[in-house]
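Below, each chain spelled out in residue letters.
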Amino acid sequence: MKKIGLISLVCLVCLSIAGCKRDTFTISGTLAGAAGHTLWIEELTPDGPLFIDSIPVDSKGRFSIKYKPPYRSLYNLHTTEDNYAVLLPDAGEHIKVGGNYDNLSMTYTVSGSPESILLWQLQQFTNDGGRVLNDLVDTTLYYQQLLDEGKVSIETVYDMKDKTDSIYHITFSEQQDYMCRFIEENQGSLSTLIALYKPFNNRLLIDTRDPNCIDWYDMVLEGLEAQMPDNPHTIHFKNTVEHLRSAVSRQ
């Protein structure tokens, strides 16, 4: 009897440990240039960022954190306010993150979490658009400098502006189309909330000033209510959509 009792106790402990692992996700990795620095992780709650913890990085650039989430949510792993990686972990996942500490947003990689990979793909496309935008700004400044130095005519500057404006509008449309496709293809994922609010040059790609935007908000809400109706993000977003519908109906 004692032997059976001991076996039962061991099994109970093992099940308890396994249950804890299933409820917890791990984020770890190695970042270039991160030795001796600190990372921070916050939850992107429906009411705004919520600090979770600071993560020390060892002398080899390695870091690790385990966390038991109260519900499915989005998390921001960052070095500064503007240098971050947005992750969408699921309980039980072991997520690996790589990249450069000083340029995390542009260089990070992720594995071990399908929906975090979705967000990485989204960020990669956003980064591509950002590079085009930076090139357009550099070109504009360069031609303005040439004009100031008397090396080109104002007509040349106007001609170049027409070309850069055309590239800008094409890039904006490409970014907008990508976000719409992303929402259609990933209904029910919290990643669609990130796509819905993506900006380009400080302008929302799905602009709430456009009455047609409500269709995309409805699509995101429909997917979330089907997959996670009781999630705080879904409940909060439902209120957002109801307010938006009222605003659109008054236009």
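Structural data are supplied above this passage.
Keep in mind that what you see is a predicted model, and the values were worked out from it rather than measured.

Draft legend 1. Representation of the environment of Y158 within the structure. If you trace the backbone, Y158 turns up in helix 4 (residues 154-185). Along the chain, Y158 and Y143 lie 15 residues apart, while their C-alpha atoms are 9.7 Å from each other.

Draft legend 2. Highlighting the pattern of salt bridges. Tallying each qualifying case throughout the model produces ten salt bridges. Between D58 and R62 there is a salt bridge, with its nearest N and O atoms 2.8 Å apart. Classification of D58 by relative accessible area gives partly exposed; the value is 26%. Here K238 ties to E225 by a salt bridge, and the two come within 3.7 Å at their closest N and O atoms. One end of the pair, K238, is in helix 7 (residues 232-250); the other, E225, is in helix 6 (residues 213-227), with 13 residues separating them in the sequence. Using a relative accessible area of 35% as the deciding quantity, one classes E225 as partly exposed. Each of R72, D90 and E115 takes part in one network of salt bridges that share partners.

Draft legend 3. View of the sheet that holds strand 2 (residues 38-45). Here we have four strands laid out as an open sheet, ordered 3-2-5-6, and antiparallel in their pairing. Pairing within the sheet leaves two strands with one partner each, and these edge strands are strand 3 (48-56) and strand 6 (83-87). For this sheet the average axis-to-axis angle between neighbouring strands, irrespective of direction, equals 25°. By the bridge criterion, five bridges tie strand 5 (residues 74-80) to strand 6 in an arrangement that is antiparallel. What sits directly across from L77, in strand 6, is A85.

What counts, and at which threshold
- Residues numbered from 1 in each chain as written.
- Predicted model: local features only at pLDDT ≥ 70, side-chain atom pairs only at ≥ 80, totals over all residues.
- Heavy atoms only, no water.
- Helix = DSSP H or I, 4+ residues; strand = E, 2+ residues; numbered from the N terminus.
- Salt bridge = Lys/Arg side-chain N within 4 Å of Asp/Glu carboxyl O.
- Buried < 20%, exposed > 50% of the residue type's maximum accessible area, 1.4 Å probe, protein only.
- Pairing = 2+ DSSP bridges.
- Axes fitted to C-alpha atoms, helices over the stretch in contact; angles between N-to-C directions.

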